Amino acid sequence: MPKPASSRGSGTRHVTSCSSTRGSGMSETLCGGYSKVKDADDAVQQLVDAVRDAAAGEREVTLWKALKYTSQVVAGTNYRIKVQCDDDVYCHLAVFVPLPYTQEGPKLTAVEWNKSMEDLL
C-alpha cells in the first residue's frame, strides 16, 4: 500500500490507492465504482425503512423488504437497493448516506418502479 504523499506547506494530501486482484480468484476492486451485488442485511433494511415514505409516495405497498444491494464510497456512501414491495412487485432505490460528521440521515436520490427480481441493479 503506498504511503500518503508528503504535503508540508500545501495543506493538501493526495493518496491514490487502487488494487485489482484479477486472476487471483478474489473479487476485483473497481476504483470509484460500485461494489458487487450483495444480499441485503439489517443495516441496509434500516436504510430502506428510513426512506420508505419518500419512496412509496402515495403508492400502497404491502411489503417493504430489502433484497440485494450494491454500494459506492464517495464523500459518504451511495447505495442501489432492490426492494420487494409486494408479491411480484419490486423497485430499485438509490440512497445516499452522508458522512457521520454531518449528522444527517439517509437521503433518497432516486426510485425506479416496475422492476422484476431479474432486473440488474
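Residues numbered from 1 in each chain as written. Predicted model: local features only at pLDDT ≥ 70, side-chain atom pairs only at ≥ 80, totals over all residues. Heavy atoms only, no water.

Engineer: So what exactly am I meant to see when it comes to the overall build of the chain here?
Structural biologist: In terms of regular secondary structure, the chain is built from 2 helices and 5 strands. Listed N to C, the secondary structure of the chain is β-α-α-β-β-β-β in terms of helices and strands. Expressed as a percentage of its 121 residues, the buried residues of the chain come to 27%. Counting only carbon and sulfur atoms, one obtains 49% of the accessible surface of the chain, whose full area is about 8,600 Å². (Helix = DSSP H or I, 4+ residues; strand = E, 2+ residues; numbered from the N terminus. Buried < 20%, exposed > 50% of the residue type's maximum accessible area, 1.4 Å probe, protein only. Areas by Shrake-Rupley, 256 points an atom, 1.4 Å probe, with all protein chains shown as cover.)

Engineer: Got a minute to help me understand helix H1 (residues 42-50) in this structure?
Structural biologist: Structurally, the α-helix is built with 3.6 residues per turn, so residues lying three or four positions apart point the same way. Turning to H1, its buried residues are Val44, Gln45, Leu47 and Val48. Angularly, the buried residues of H1 cover 155° about the axis, an arc narrow enough to put them on a single face. The exposed set on the far side of H1, more than 90 degrees from its buried face, consists of Asp42, Gln46 and Ala50. Along its buried surface, H1 packs onto helix H2 (52-56), strand E2 (65-74), strand E3 (76-86) and strand E4 (89-98). The backbone nitrogen of alanine 43 lies 3.2 Å from a side-chain oxygen of the residue at the head of H1, namely aspartate 41. (Arc of directions from axis to C-beta. Contact = heavy atoms within 4.5 Å. Polar contact = N/O pair within 3.5 Å; in protein donor to acceptor, adjacent residues only side chain to side chain.)

Engineer: Any chance you could explain the environment of alanine 110 here in plain terms?
Structural biologist: Among the structural elements, alanine 110 can be located in strand E5 (residues 107-115). Note on alanine 110: relative accessible area 33%, which makes it partly exposed. The sequence separation of alanine 110 and arginine 80 amounts to 30 residues, and the corresponding C-alpha distance is 9.2 Å. Once you skip the residues sitting within four places of it in the chain, alanine 110 turns out to touch His92, Leu93 and Ala94.

Engineer: Just checking my understanding: could you explain the nonpolar core for this structure?
Structural biologist: One recurring pattern in soluble globular proteins: nonpolar side chains tend to sit buried together. One finds Val48, Trp64, Ile81, Val83, Cys85, Cys91 and Leu93 to be the most contacted residues of the largest nonpolar core, which totals 18 residues. Elements represented by at least two residues in this core include exactly H1, H2, E2, E3 and E4. A total of 4 residues in this core trace back to one element, the largest contributor, which is E3. The residues contacting valine 48, other than those within four sequence positions of it, are Trp64, Ala66, Ile81, Val83 and Leu93. (Core = buried A, V, L, I, M, F, W, Y, C linked by side-chain atoms within 4.5 Å.)

Engineer: Just checking my understanding: could you explain the pattern of salt bridges for this structure?
Structural biologist: Oppositely charged side chains can form a pair if their charged atoms are brought close together. Applying the stated rule across the entire model yields 3 salt bridges. For the salt bridge of lysine 107 with glutamate 104, the shortest nitrogen-to-oxygen distance reads 2.5 Å. Between lysine 115 and glutamate 112 there is a salt bridge, with its nearest N and O atoms 3.1 Å apart. Judged by its relative accessible area of 22%, lysine 115 falls in the partly exposed class. (Salt bridge = Lys/Arg side-chain N within 4 Å of Asp/Glu carboxyl O.)

Nothing here speaks to function; it is geometry throughout.
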